[in-house]
2 protein chains.
Amino acid sequence: MKFNLSQAEENYLKAIYSIGIDTGKSVNTNQIALKMKTKASSVTDMVKKLSDKGLVEHKKYKGALVTSKGESVAVSTLRSHRLWECFLVDTLEFNWDEVHDIAEQLEHIKSDSLVDRLDQFLNFPSYDPHGDPIPDKNGVIKHHKNVMLSSVEVGASCIVIGVKDSSSSFLKFLDNASICLGKKIKVLKVEDFDQSMQLEIESKVITVSHQISKNLYVKK
Amino acid sequence: MKFNLSQAEENYLKAIYSIGIDTGKSVNTNQIALKMKTKASSVTDMVKKLSDKGLVEHKKYKGALVTSKGESVAVSTLRSHRLWECFLVDTLEFNWDEVHDIAEQLEHIKSDSLVDRLDQFLNFPSYDPHGDPIPDKNGVIKHHKNVMLSSVEVGASCIVIGVKDSSSSFLKFLDNASICLGKKIKVLKVEDFDQSMQLEIESKVITVSHQISKNLYVKK
DNA sequence: TAAAATTTTTAGACAAGTCTAAAAATATTT
DNA sequence: AAATATTTTTAGACTTGTCTAAAAATTTTA
Ligand SMILES: [Mn+2]
Ligand SMILES: [Mn+2]
Ligand SMILES: [Mn+2]
Ligand SMILES: [Mn+2]
């Protein structure tokens, strides 16, 4: 498929696709406006345009969903974004909290083979530096199971496999707490009052708020 | 210095800077329009805008020249462009005729440290895949001496160090003729009528037009 | 140096993407 | 079910970068 979309169009499609994945339902104008940090009226304009191009399905006053064409654009933009993040962290040695804004630009570079060559150079990584799965060349994604640290029961251990929020401030907090992907965490206690958790990480004990624990993906 | 320029502004500055370097004189509206593949009226608009921002010096009807501020933008864009071309050829193994259009996009990525990290990863290359010098972090460029193959006398030998035209069609021609950077060429004969040259390259003899020989930089 | 040719600028228009303010539709409360 | 609140769309405006056509300035030619 050969689309020629602007960066704005690609960004909107990514936003609509990812909100749609999260919620399963049709995506509201205001949700898109929130994610895109823009006004509802701008969203309406763009949704109309994407609808004209057959990239989203839109019913007036009822929200939008990406079509399969729109999904393929969104997924390939995500693939590009995540591969560039790998490159920035693994090859150029950026910290994981520094790469999002740069990847946000790099994901829009137009080239038939650039992303595939990058993929090959990086040895076909499955996950980006924040634990998000990287779609393959054909757009196939291995979604992970969405187990949050906050839902792990007292006494159980788990391994960090991703972050839900990848804001710089959250990632820096994790750096400070020496929490990174692959780290083993044991849940010692959950406070009834505010659901803060006492954790054992490498024989050190720390306490984290619910806000923190519900933004960490874990397995096992 | 902290400018926040659009891609269009950066491209115009590169164009005005490089025409200015070639000719030494003030750069005409039509020359810029030709290089930018746009209309003279669009150039006038943009030059006015760049002039308002102190990036070019413009006298009505008399052409434009980059200021030192404008030069520093142009040079840092060139640096970015050429480093990305190195990356594409050396790291991602693109052919030298495939990289210009991609670098034309990559050069505009905004980041404080991206280009410097790329420079380091590539081990501070001095020249891009077409033999063009790469400005250092401080904007210092080692211009090479602009000796064209066409000016080499009969009987003399030289080494290819760059191409003037880096269009895909020229580069593909060179690939076919097994001419690449570093290759040794001996001039066997120059035809009086059309200045075509008979060359010896790795004990093979080929004939090239003046068009070709005046687009190859050589040394020695 | 006056006429002709060329170059450059201005004037006015358009597309993309955004915004504010107001109108219309939908959802929630009473 | 009517009134109220919220969400969404429309209307109109603005910015950036482009274009065509016409006017103005400069350069070349005679
Ligand atoms: Mn990111
Ligand atoms: Mn990521
Ligand atoms: Mn180039
Ligand atoms: Mn080059």
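Heads up: the structure comes first, above all this text.
Please read these numbers as outputs of a predicted model, since none were measured by experiment.

Undergrad: Tell me about the protein's contact with DNA strand C, and please be specific about residues and values.
TA: Contacts to DNA strand C come from 21 residues, most closely from A:Ser6, A:Thr38, A:Lys49, B:Lys48 and B:Lys60. Take A:Lys39: an N or O atom from its side chain is 3.0 Å from a phosphate oxygen of DNA strand C. A distance of 3.5 Å is found between a phosphate oxygen of DNA strand C and a side-chain nitrogen or oxygen belonging to A:Lys62. Listing elements by their share of the surface near DNA strand C, those giving two or more residues are helix H1 (7-23) and helix H3 (40-52) of chain A together with helix H2 (29-36) and helix H3 (40-52) of chain B.

Undergrad: So what's going on with the interface of chain B and chain A? Which residues, and what values?
TA: Listed by partner, the interface residues are 20 residues for chain B and 20 residues for chain A. Summed over both partners, the interface of chain B with chain A buries about 1600 Å², with 71% contributed by carbon and sulfur atoms. Among the residues of chain B in contact with chain A, B:Leu92, B:Gln105 and B:Arg117 are the three that bury the most area, contributing 32% of the side total. Across the contact surface, chain B and chain A share zero salt bridges. Counting across the chain B and chain A interface gives six residue pairs in polar contact (both at pLDDT 80 or more). For the side of chain B that touches chain A, the secondary structure elements donating two or more residues are helix H4 (68-91), helix H5 (100-106) and helix H6 (114-121) of chain B. Residues of the side of chain B that touches chain A, tallied by class, amount to eleven nonpolar, five polar and four charged.

Undergrad: For the protein's contact with DNA strand D, give the residues involved together with the corresponding values.
TA: Around DNA strand D sit 21 residues in total, of which A:Lys48, A:Lys60, B:Ser6, B:Thr38 and B:Lys49 are the nearest. For DNA strand D, a phosphate oxygen lies 3.0 Å from a polar atom in the backbone of A:Tyr61. Within the side chain of B:Lys62, an N or O atom sits 3.2 Å from a phosphate oxygen of DNA strand D. Secondary-structure elements contributing two or more residues to the surface near DNA strand D are helix H2 (29-36) and H3 of chain A together with helix H1 (7-23) and H3 of chain B. The residue inventory of the surface near DNA strand D, partitioned by class, reads five nonpolar, ten polar and six charged.

What counts, and where the lines are drawn
- Residues numbered from 1 in each chain as written.
- Chains lettered and ligands numbered in written order.
- Predicted model: local features only at pLDDT ≥ 70, side-chain atom pairs only at ≥ 80, totals over all residues.
- Heavy atoms only, no water.
- Near = heavy atom within 4 Å.
- Polar contact = N/O pair within 3.5 Å; in protein donor to acceptor, adjacent residues only side chain to side chain.
- Helix = DSSP H or I, 4+ residues; strand = E, 2+ residues; numbered from the N terminus.
- Contact = heavy atoms within 4.5 Å.
- Buried area = accessible area lost by both parts, 1.4 Å probe.
- Salt bridge = Lys/Arg side-chain N within 4 Å of Asp/Glu carboxyl O.
- Nonpolar A, V, L, I, M, F, W, Y, C, P; charged D, E, K, R; others polar.

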